[in-house]
Amino acid sequence: MTVTTIPTGRLAAVTGGASGIGLATVHRLREDGHKVLIIDRSEQVVELAEELSTEELPVYAKVADLSSPEEIKRLTAEITEEFGGVDILVNNAGIHPKQPDGSHFAIKDISLEQWNLVMDVNLTATFLMSQWAMKGMAERGWGRIVNVASRAGRMYMPISGAHYAASKAAVIGFTRTLAGDCGPHGITANTVAPGRIKTPLSDVSGLGSSQNLHEEFAQSVPLRRVGTSDELAAAVSFLASEDSSFVTGAVIDVNGGIFG
Ligand code: NAD
């Protein structure tokens, strides 16, 4: 097995790094001085990595469909062989199926197939990627795992399907236990729970003007607006840094103050 030694600094893997919060996180972690490995099912990441990469701060890409445990096995074996592991893992890839008109799926309309797909991407991939990453982190005695959940995993949200809400609540529960297992090895594990953030995933244009719907929703938010991907990336950056060294098992709500 050939193991490429990581030149200097940390290597951060971001799943779902082709779009929205993941893409903003890729940029932010680079600004923080980390080498970044972008993982996404979208092949766009290959070009993106080439564009962002510099000699001092390389950016790598891996195309993988994280709904498949077999594909995760292949992906993680490749990363282990090429890089020896990652120091920071951001489990951000997620899906939120909506009806063609942009409304959520009522429980009576959720097929088992759709339920399983949401669980596979949002929860099982987070479990498998964390299970793999924590081994190498433990050997090196340092690591940061940041899992992206949702406000929908914390409270009732009429726009979220039950499968989505259940998967995100499970990510929070999983991460608490992950923090317990990881703690003795110098690894922290935390969750960020975004409220409404303007990204392709929260685009409800099927219901009319997405912008208007965001503005309407904003009236219920104490800060009177929806969030930006950069604001999420800032929270991830903190949890991936030395500054958060005594923060683990926490859920950081990035939601403009909406708790009801
Ligand atoms: P997005 O749709 O803009 O980006 C999601 C990325 O994940 C995409 O690049 C997509 O290709 C990738 N992805 C999806 N399924 C994948 C799979 N099977 N394998 C590999 N990659 C896959 O979404 P976003 O709004 O940036 O969401 C990022 C995370 O934040 C998600 O976990 C989402 O549930 C969570 N979140 C978002 C909001 C919001 O309002 N945008 C709110 C709460 C939580």
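Small disclaimer: the values here were computed from a predicted structure and weren't measured.

(A) Representation of the pattern of salt bridges in the model. All chains considered together, the criterion is met by eleven salt bridges. In this structure, E78 and K62 form a salt bridge, with 2.9 Å as the shortest nitrogen-oxygen distance. Taken together, the positions of E78 in helix 3 (residues 69-83) and K62 in strand 3 (residues 59-63) put the pair 16 residues apart, joining distant regions of the chain. The shortest N-O distance in the salt bridge between R74 and E71 comes to 3.1 Å. Linking R74 with E71, this pair stays in helix 3, spanning three residues, or about one helical turn.

(B) Seen up close, the environment of A93. Locating A93 in the fold gives a position in the loop between strand 4 (88-91) and helix 4 (112-140). Separated by 79 residues in the primary sequence, A93 and V14 have C-alpha atoms spaced 8.3 Å apart.

(C) Seen up close, the packing of aromatic side chains. Applying the stated criterion across every chain, the model contains two aromatic pairs. Residues F127 and F174 carry aromatic rings whose centres are separated by 6.1 Å and whose planes lie at 85° to one another, so their mutual orientation is edge-to-face. Residue F127 is located in helix 4, and its partner F174 is located in helix 5 (residues 162-182); the two are separated by 47 residues in the primary sequence. Residue class for F127 comes out partly exposed when judged on its relative accessible area of 34%. Lying across the ring of W142, R10 places its NZ or CZ 3.5 Å from the centre. Residue placement shows R196 over the ring face of F217; its charged tip is 4.1 Å from the ring centre.

(D) View of the confidence of the model for the protein. Confidence in the prediction of the protein, expressed as mean pLDDT, is 94, and 93% of residues score 70 or more. Ranking the helices and strands of the protein by mean pLDDT puts strand 4 first, with 99, and helix 6 (residues 210-218) last, with 79. Within the model, the stretch residues 4-8 combines pLDDT values under 50 with ten contacts to residues more than four positions away or in other chains.

(E) Region of the structure containing the packing of helix 1 (residues 20-31) against helix 7 (residues 229-239). The N-to-C vectors of helix 1 and helix 7 enclose an angle of 55°; their axes lie 8 Å apart at closest approach. The angle between the axes of helix 1 and helix 7 places the two elements in the oblique class. The handedness of the crossing between helix 1 and helix 7 is right-handed. Facing G20, I21, A24, T25, R28 and L29 of helix 1, the residues of helix 7 in contact are S229, D230, L232, A233, A234, V236 and S237. Of the residues in the contact of helix 1 with helix 7, the class split is seven nonpolar, four polar and two charged.

What counts, and where the lines are drawn
Throughout this document, residue positions are counted from 1 along each chain, in the order its sequence is written. The predicted origin of the model limits local features to residues at a pLDDT of at least 70 and limits the giving and counting of side-chain atom pairs to 80 or more, whereas totals for whole chains, interfaces and linings rest on all residues. As a convention, hydrogens and water are excluded, and side-chain values are obtained from all of the structure's heavy atoms. The rule for a salt bridge is simple: a side-chain nitrogen of Lys or Arg has to be within 4 Å of a carboxyl oxygen of Asp or Glu. By the criteria applied, helices consist of DSSP H or I runs no shorter than four residues and strands consist of E runs no shorter than two, each listed in order from the N terminus. Ring pairs are drawn from Phe, Tyr and Trp, using the six-membered ring of Trp, whenever the two centres fall within 6.5 Å, and their geometry is named by plane angle: stacked under 30 degrees, edge-to-face over 60, tilted for the rest. Here the term buried applies to any residue with accessible area under 20% of the maximum for its type, exposed to any over 50%, and partly exposed to those in between, with areas from a 1.4 Å probe on protein chains only. Here, a charge over a ring means that NZ of Lys or CZ of Arg falls within 6 Å of the ring centre while also lying within 35 degrees of the ring normal. pLDDT is a residue-level measure of predictor confidence that goes from 0 to 100. What makes two residues a contact is simply this: any of their non-hydrogen atoms within 4.5 Å. Only the stretch in contact is used when a helix axis is fitted, and all axes are lines through C-alpha atoms; the angle between N-to-C directions ranges over 0 to 180 degrees. Here is the rule for angles: anything less than 35 degrees is roughly parallel, anything more than 145 is roughly antiparallel, 65 through 115 is roughly perpendicular, and the remaining ranges are oblique. With the far helix as reference, a near helix turned anticlockwise by less than a right angle produces a left-handed crossing, and one turned clockwise produces a right-handed crossing. Charged residues are taken to be Asp, Glu, Lys and Arg, nonpolar residues to be Ala, Val, Leu, Ile, Met, Phe, Trp, Tyr, Cys and Pro, and polar residues to be all remaining types, Gly included.

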